[in-house]
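Below, each chain spelled out in residue letters.
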Amino acid sequence: MNKKIKVGIIGSQFISHIHTLSLKRCAEAEVFAVASPTPGHAQNFAAKHEIPHHFIDYRKMLAMAELDMVVLGAPNDLHCAITLDTAAAGKHIVVEKPLCLNLGEADQMIAACRKAKVKLMYAEELCFAPKYVRLKQLLDSGALGLPTLLKQSEKHSGPHASHFWDVNRSGGGVTMDMGCHAVEFFRWMLGRSPIKSVYAQMGTYVHGDKTQGEDNALILVEFATGVLGLAEESWTKQGGMDDRAEVHGSKGVAYADLLHGNAIETYSAEGYDYAVEKAGSTKGWTFTIFEEEWNYGFPQEMAHFVDCVQNDKQPQVTGEDGRAVLEVIFAAYESAGKGRKVALPFKTSARKPYDLWRSDGT
């Protein structure tokens with residue numbers, strides 16, 4: 001019998017909590033250690049999740065011989081450095097989206113992991129969300145005919161953590177944060193067909209007091225096959241997370257609401273503990289989610305990555321996929337900045353996507 005894969009968590013906030021809950025549902029994984037630079041955070045996280053080891057310095061965690069795999073949930077601007085250190089330590093790594101800040105960093109990460117012969121896995125959970133997996137099966141089976149238009153939208157009232165609002169740390173606004181989901185969703189649904197061009201419209205409408213980044217965006221992705229993907233992204237939608245997709249084909253159409261269709265329609269005059277991610281008040285009508293991590297596909301995603309490490313399999317979503325997504329994101333910011341369609345392949349030495357939208361800092 002193969003031994004359990006011992007996993008280290010880097011990060012102690014919302015996404016690391018989700019990653020840990022998901023890994024604990026995987027029989028072949030053992031969450032072995034956690035690292036967070038903020039004093040007390042790793043210790044408290046370890047106590048909450050019954051993790052045997054905790055560190056302030058992630059490098060000390062990487063030195064543990066027992067560790068097989070690391071799941072990275074740190075801010076975007078730290079992804080590259082931590083990945084390079086993890087590869088040098090000989091550990092496989094799962095990187096939460098987006099892969100990193102820019103294409104140069106992406107190339108460094110891919111090269112370092114290849115050299116060290118470790119897997120670089122890109123955590124795009126929409127490729128594992130059960131409802132979206134079924135949606136792809138419908139398309140692949142021919143039930144909808146030939147695809148013509150795909151839509152994917154993700155909307156909520158804004159990020160959990162302060163670093164998302166800082167474009168120097170995050171790289172951009174809602175497009176960098178959530179547009180990356182839609183881009184990989186389109187690529188995955190269409191068998192990762194080449195992308196021909198990108199057109200985007202962005203603006204900061206509500207959160208100008210918090211960020212220089214855009215809080216709403218429309219992104220039109222044109223594939224070489226002629227199929228279009230339309231992404232709608234928002235940080236200004238109140239009332240909790242909204243995540244849905246549409247597939248239009250020559251012989252049919254399918255609509256998938258990731259969360260509302262799996263929720264309990266609830267009315268409460270008093271309010272209650274938790275409805276769904278990003279929900280504010282729970283008074284009045286709400287959609288009460290259940291099995292939230294499962295509906296998003298996080299346990300399935302982590303089980304897949306653990307299986308890839310345990311049995312030396314090719315990951316379904318790789319560092320190269322993360323880089324391809326990042327290339328589209330950069331092209332989208334360039335499009336929004338220049339007001340025109342941008343062709344792919346797209347090359348840029350920009351340090352972060354935001355610089356291509358508002359290079360003068362306005």
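Below is a short write-up of the structure. (Residues numbered from 1 in each chain as written. Predicted model: local features only at pLDDT ≥ 70, side-chain atom pairs only at ≥ 80, totals over all residues. Heavy atoms only, no water.)

1. Brief notes about the overall build of the protein chain
Basically, it comes down to this: Helix and strand labels come from DSSP, where a helix needs a run of H or I of at least four residues and a strand needs a run of E of at least two; each type is numbered from the N terminus. Note on method: radius of gyration uses C-alpha positions; expected globular size equals 2.2 Å times residues raised to 0.38. Type-normalised accessible area, obtained with a 1.4 Å probe on protein chains alone, sets the label of each residue: buried when under 20%, exposed when over 50%, and partly exposed for intermediate values. Using the Shrake-Rupley algorithm and a 1.4 Å probe, accessible areas are obtained, with residue cover drawn only from the displayed protein chains. For the charge count, each Lys or Arg is scored as positive and each Asp or Glu as negative, with His and the chain ends excluded. Where a charge lies is defined by one atom per residue type: Lys uses NZ, Arg uses CZ, Asp uses CG and Glu uses CD.
Counting secondary structure elements, the protein chain contains twelve helices and 15 strands. For 362 residues, the compact-globule estimate of 2.2 N^0.38 gives 21 Å, and the C-alpha radius of gyration of the protein chain, at 20 Å, lies within 12% of that figure. Projected onto the principal axes, the alpha-carbon positions of the protein chain cover approximately 55 × 50 × 45 Å. Scored against the burial criterion, the 362 residues of the protein chain give a buried share of 57%. When the accessible surface of the protein chain is summed, it comes to about 15,200 Å², and 52% of that surface belongs to carbon and sulfur atoms. Looking at charge distribution, the protein chain has the averaged site of its 38 positive side-chain charges lying 4 Å from that of its 44 negative ones.

2. Details of the side chain of Lys136
For the record, the criterion: Residue contacts are defined here by distance: any two heavy atoms, one from each residue, within 4.5 Å place the two residues in contact.
In this fold, Lys136 is placed in helix α6 (residues 130-140). Excluding residues within four positions of it along the chain, Lys136 makes contact with Trp188, Met189 and Gly191.

3. Side note on the packing of α6 against helix α8 (residues 174-189)
So the rule is basically this: Between the N-to-C directions of two axes lies an angle of 0 to 180 degrees, each axis being a line fitted to C-alpha atoms and, for a helix, fitted only over the stretch in contact. Lys, Arg, Asp and Glu make up the charged group, whereas Ala, Val, Leu, Ile, Met, Phe, Trp, Tyr, Cys and Pro make up the nonpolar group; the residues left over, Gly among them, are polar.
For the pair α6 and α8, the least separation of the axes is 10 Å and the interaxial angle reads 35 degrees. When α6 is examined against α8, the residues Tyr132, Val133, Leu135, Lys136, Leu139 and Asp140 are found in contact with a partner set consisting of Phe185, Trp188 and Met189. Here the contact of α6 with α8 is composed, by residue class, of seven nonpolar, no polar and two charged.

4. Digging into the nonpolar core
Applicable threshold: Here, the term nonpolar core denotes a set of buried Ala, Val, Leu, Ile, Met, Phe, Trp, Tyr and Cys residues that are joined through side-chain atoms within 4.5 Å.
Grouped together as the largest cluster of nonpolar side chains are 91 residues, with contacts concentrated most on Met61, Tyr132, Leu135 and Phe185. Considering each element in turn, this core owes the most residues, ten residues, to α8. With residues up to four places along the chain from it excluded, the contact list for Phe185 reads Leu126, Tyr132, Leu135, Lys151, Gln152 and Ala245. One finds Ala29, Ala46, Val71 and Met121 within the second-largest nonpolar core, a separate group that totals 22 residues.

5. Considering the pattern of salt bridges
Rules: By definition here, a salt bridge exists when the distance from a side-chain nitrogen of Lys or Arg to a carboxyl oxygen of Asp or Glu is within 4 Å.
Counting across every chain of the model gives 26 salt bridges. The shortest N-O distance in the salt bridge between Lys341 and Glu222 comes to 3.5 Å. Of the two residues, Lys341 is situated in the loop between α11 (319-338) and β15 (342-343) and Glu222 in strand β9 (residues 216-223); the sequence distance between them amounts to 119 residues. You can call Lys341 exposed: its relative accessible area is 51%. The shortest N-O distance in the salt bridge between Lys313 and Asp307 comes to 2.8 Å.

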